[in-house]
Amino acid sequence: MPGTNETRTERSHAQSMKRDILKKAAIAVFSLACFLWVSNELFAQELKLNKQGYFEETGVNILVFSSQYNGMFFDEKTAGIEMIHHGVRTATGGAVRLQNTPEQWDLVPRMIDRKVDAKDNSIEVTMRYDQFDFDSRVKVTGKGKGVEISVYLDKPLPEKLIGNAGFHIEFLPASYFGKSYMMDGKPGDFPLYPSGSTKIEPISKKIPQFAGHSTFDDRGRNEFIVPGPLATGKTIVLAPEDPERMVKIQAQDTDLMLFDGRNLAQNGWFIVESKLPAHKTGKVLTWHMEPHSVANWKRKPVIAFSQVGYQPNQEKVAVIELDKHDTPLKTASLYQVTPDGQYVEKLKADLTDWGLYTRYNYLKVNFSSVKDPGVYFIRYGNQKTNTFSIASNVYQDIWHPTLDVWFPVQMDHMEVNEAYRVWHGVPFLDDCLQAPTNHVHFDGYRMGDTTDTKYKPLERIPGMAIGGWFDAGDFDIQTGSHCHAVLSLVDAWERFKPERDETYVDRTTRYVDIHRPDGKADILQQIEQGTLNMVAQVKNIGHPVRGIVVPHLHQYHHLGDASTETDNLPYNPNLKPYQSDGKSSGTLDDRWAFTTRNPFLDYYTAAALAAANRALKGYNDTLADQCLFYAKQLWNENENRVQKDTSRLARFRRSMKLSAALQLYITTKEPGYAKEFKDAIWPVLDRSVSMGLTAALQAYPYMDKPYQEKLRDYVIRYKKECDSLSVDNPYGVPLAKGGWGGNGRIINWATTNYYAHQLFPDIISPEYVYKGLNYIFGCHPYSNISFVSSVGTVSKKITYGNNRADFSFIAGGVVPGILFLKPDFPENKEDWPFFWGENEVTVGICADYILLSTALNDMISRQQ
C-alpha cells in the first residue's frame, strides 16, 4: 500500500539528511585534496637555473637558446626557448618571429648575445634579423613555478614588421592530440587534422622567405595564405586535463593567439603568439608561462636491449636508463616464455652501476650466461620488456626489408609497384636543366659564377632521365650519396654474393614490382640503378655534379607520388607557363643540375665507378666498360691539378684520392694506383686511425707483406680507441653530438670492426661487431625501439620519408637515430616524423646497413 503523508515526509527528511552528510563529506574530501595539492605545490621545487644552464624543477626543464636556429636549414624545431615536460620535449621555437605560423624556410633570427645570470635566475638573449636591421632582446626569468618572458626593443619595430612580428612559442601537435585547451576559460579541442580558417592576403604584405624563394605555387604569386587563430584571449591553459602536459600562459597588456601551423605545412606546430606593438620601445611584451609539475615525478626506466635478439654465444648486455632522482635497484631478471605460455625466471643478475651520462643514470645487466634458444623478456622492478629471441638465426634476414622494399621505393625514373599499391609513377622524365649561375638554392645547393660545363643556364642537359635513387625523404639526386651507396653495395656483393631475388625490374618499360622475382640478383640491379645516373652525369655533363633537384621551394616540400612533382614534360621556353604541346611544356618545373666541379666528388665518383665495373661484369658489360672508362677519365683529369698544386689544399686532395686509387688498383692491378694509395694512407692513419682504417683494411688483401705487417700496429691503436668508448658512454659505441643522429657512424664503425676481426682476430673480437648492431636494434638512449623499420619486435613505424605526412614508414629504412640536443637531452621521436636529423632515411646508411648485415652473417657462419 502507498505510504501515508507522514511516512513520506519522514522518508524525505531522512533522504535530505543523508544528502547533507554526503555533501559535507564530499566537501571535506575535496578540501583535504586541495590542501594536499596546495601543500605539494608550496613545497615543490621552484624553477631555478641549474649547472647546465637551463631552468629546472621536478618534471620541467626550460631551455633558453641552448641551441640556435640553423643558417642552412633555418627552422629545424630545435632552437629558441624549449620545454622538456615530464621527460618529453613538447615546446620549442620561443623567439620573435615574423609570421603567424612560420614555415621551415621562413627567416629566423640570429642570436648575437646570450647572458646567463645565476643571481637573477635569468637568461637574456639578443636576436637580430639582418634583413630588417631589427634587434630584440628576450629575457627569461624564473619566478615561482614558472618563468616570466619579456621582450625588449631598443628601437621601434620597422614599418614592414608592424602587424607581422610577434613572440611565439610552438607546441608539438603529437603531445596535444586528443587534448583540450581553455582560452579565458572557454574550452576548445586541439584538432587531430588541421581545420582552422584561413584567408588570402596580397603578396606585398608577406615577409619574404630566404634568398627570394617561396613555398607558394607560382599560380598564386600575387597572394598568400594566412591562417586565422583558433582562439584569442589573455590566458590560455593547454591540456588542463593532463597533469603531465598542462601549461598555463598569461599575457600582460596584449592578446594571446593560438594558431595551427599545419594549415600551411604538415610539419607545422600549434603556436601561441602575441604581436609586438608598434611605435614602442623598452619592455614591449610580457608573458608568464607556468608548466604544471607533477609532484615527485620520476621518468620511468628505459630497459634497452636488441629487439632482434641475440646469438646464443654472443655477449648479451642490457642497459637501463634511469631518472637521475630514481633509486637504482640491485638486480634484474631474465624470464623465458615457454611454449605453453608460462614465465620461467632463467637468471637473476646483479646490476652494474655505469654512472651518469647526459641527464640520466645508467645500469647494466649481463645475461650472457643464458644460451638456450627461446623467447625471453627482461624484468626490472615492476617493469618488463617485450619479448625477444635467443637463437642462432636471429640475424639471418635483417637486411631483407632494406633490399626488398626500401631501395626499390627510392628508384628514380621508374614506376614502383608493390602488390595492390603503387608507391609512385615514373618520375622526372623531364630531367634536367643546367642550374643558373650566381644562385643560392635551398638545402645547401648553390652555383657560382660559372657552370663548369658547356651548357648555358637553363639549357637542357640530354640523357639524364635514367637511373639513380631519391636521396632520402626528398626527391633529389645527390651524387655523393650515390657514390657511398654503390661502394657499400659492391663491397657486399664481392665479399658475400647475396643472390636474393625479390624484385622485378624492367628498364624498357621503366617498371619495378616488389616481391616479384625476376631471376636476377637484386643487389646487382641496385648497383646498376645507382651507376646508370652517375655514368650519365660524366658522359653528358662532363663530370659528376653536386646534385639534381627541383627549382622551386613549393616543389621541394612535395609529399606523395614523386611523378607529380613535375609535369614530366621537358621545358619549352617558347610556350607559356602551364601551356603544353603534348611533348613539352612552358612550365619551368624541371629539375636543375648543380654542376660546380669539385675534385673530391670527382675522385669519389671515380672510386664508385671503378668498383661498379667489377660487380657489373657479366651482368651489364656495356655499363661495366663505361664505368671503368669514366673512372680513369676523372682520375686523369684531376691528376694534373693535384700535381701542380703545392698549397695546403694539395695535401687534402692527396688524401681525397685514397678511395679512387684503391678501387682503380683492385680493378686494373696497375701498380701506379697502389703506390698512390700507400703514399697517402699512412699520413691519414697517423692523423686519425679511426678515419683511415676502413680503407686500410679493405686494401689489406691486395697489398704486400710489409704493408700488412705495418697495419697491425694501427689496429692495436684502434682497439684502444674502441675500448675507450665504454668509458665515454654506457653503450660503448661512437656517439655523434651534432645536428644529425649518429647511426651511420656506428654502422660504419661496426663494419670496420668486422674487417679488423677477419684480418686480426687476435686483436678485435666479434663483440666489437655485435655491439654496433645491438645499438641500432634497440640498446640505445631514450627508448628501446629498433632503428630499422620492420626489423625487430618493436621497430620504427614513423620516419621521415616521402610518406611522412601519413605518419608512416618504408620497410627497411634506417633512421639517423638519437639527436643529442644541447646541453644534455637525447631524443628520437616516434610520434612526430618531421625531425629529419632523427628520422630521415638516406641511401648511404641503408647501403651501409646491408653491407654490415651481410658481413655479420658471414662472421657467424665462419664461427659455426
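Below is a short write-up of the structure.

Rules behind the numbers
- Residues numbered from 1 in each chain as written.
- Predicted model: local features only at pLDDT ≥ 70, side-chain atom pairs only at ≥ 80, totals over all residues.
- Heavy atoms only, no water.
- Helix = DSSP H or I, 4+ residues; strand = E, 2+ residues; numbered from the N terminus.
- Rg over C-alpha atoms; globule rule 2.2 N^0.38 Å.
- Buried < 20%, exposed > 50% of the residue type's maximum accessible area, 1.4 Å probe, protein only.
- Areas by Shrake-Rupley, 256 points an atom, 1.4 Å probe, with all protein chains shown as cover.
- Expected span 1.5 Å × (residues − 1).
- Polar contact = N/O pair within 3.5 Å; in protein donor to acceptor, adjacent residues only side chain to side chain.
- Pairing = 2+ DSSP bridges.

Below, the discussion takes up the overall build of the protein chain. In terms of regular secondary structure, the protein chain is built from 17 helices and 41 strands. On C-alpha atoms alone, the protein chain measures out to a radius of gyration of 30 Å, which is about the 29 Å that the 2.2 N^0.38 rule sets for 864 residues. Counting only C-alpha atoms, the protein chain reaches 115 × 75 × 70 Å along its principal axes. Per-residue burial over the protein chain gives 59% buried out of 864 residues. Of the roughly 35,500 Å² of accessible surface on the protein chain, 52% is carried by carbon and sulfur atoms.

Before going further, it helps to examine helix α7 (residues 599–616). When the terminal C-alpha atoms of α7 are compared, their 25 Å separation across 18 residues agrees well with the 26 Å that a helix rising 1.5 Å per residue should span. One side-chain oxygen of the residue at the start of α7 lies 2.8 Å from the amide nitrogen of F600, identifying that residue as N598. Looking at the residues trailing α7, positive phi occurs at G618, about 85 degrees.

Taking burial as the measure, the eight residues of strand β7 (residues 122–129) include eight buried ones, the bulk of the element. Residues of β7 alternate between two faces, with S122, E124, T126 and R128 on one and I123, V125, M127 and Y129 on the opposite face, all of them buried. Sheet topology places strand β6 (residues 110–117) next to β7; seven bridges connect them, and they run antiparallel. Paired with R114 across the bridge in β7 is V125. Connecting the antiparallel pair β6 and β7 is a turn made up of four residues, with N121 showing a positive phi of about 55 degrees. Pairing geometry for β7 and strand β8 (residues 134–143), over eight bridges, is antiparallel. Bridging across to β8, T126 finds its partner in R137.

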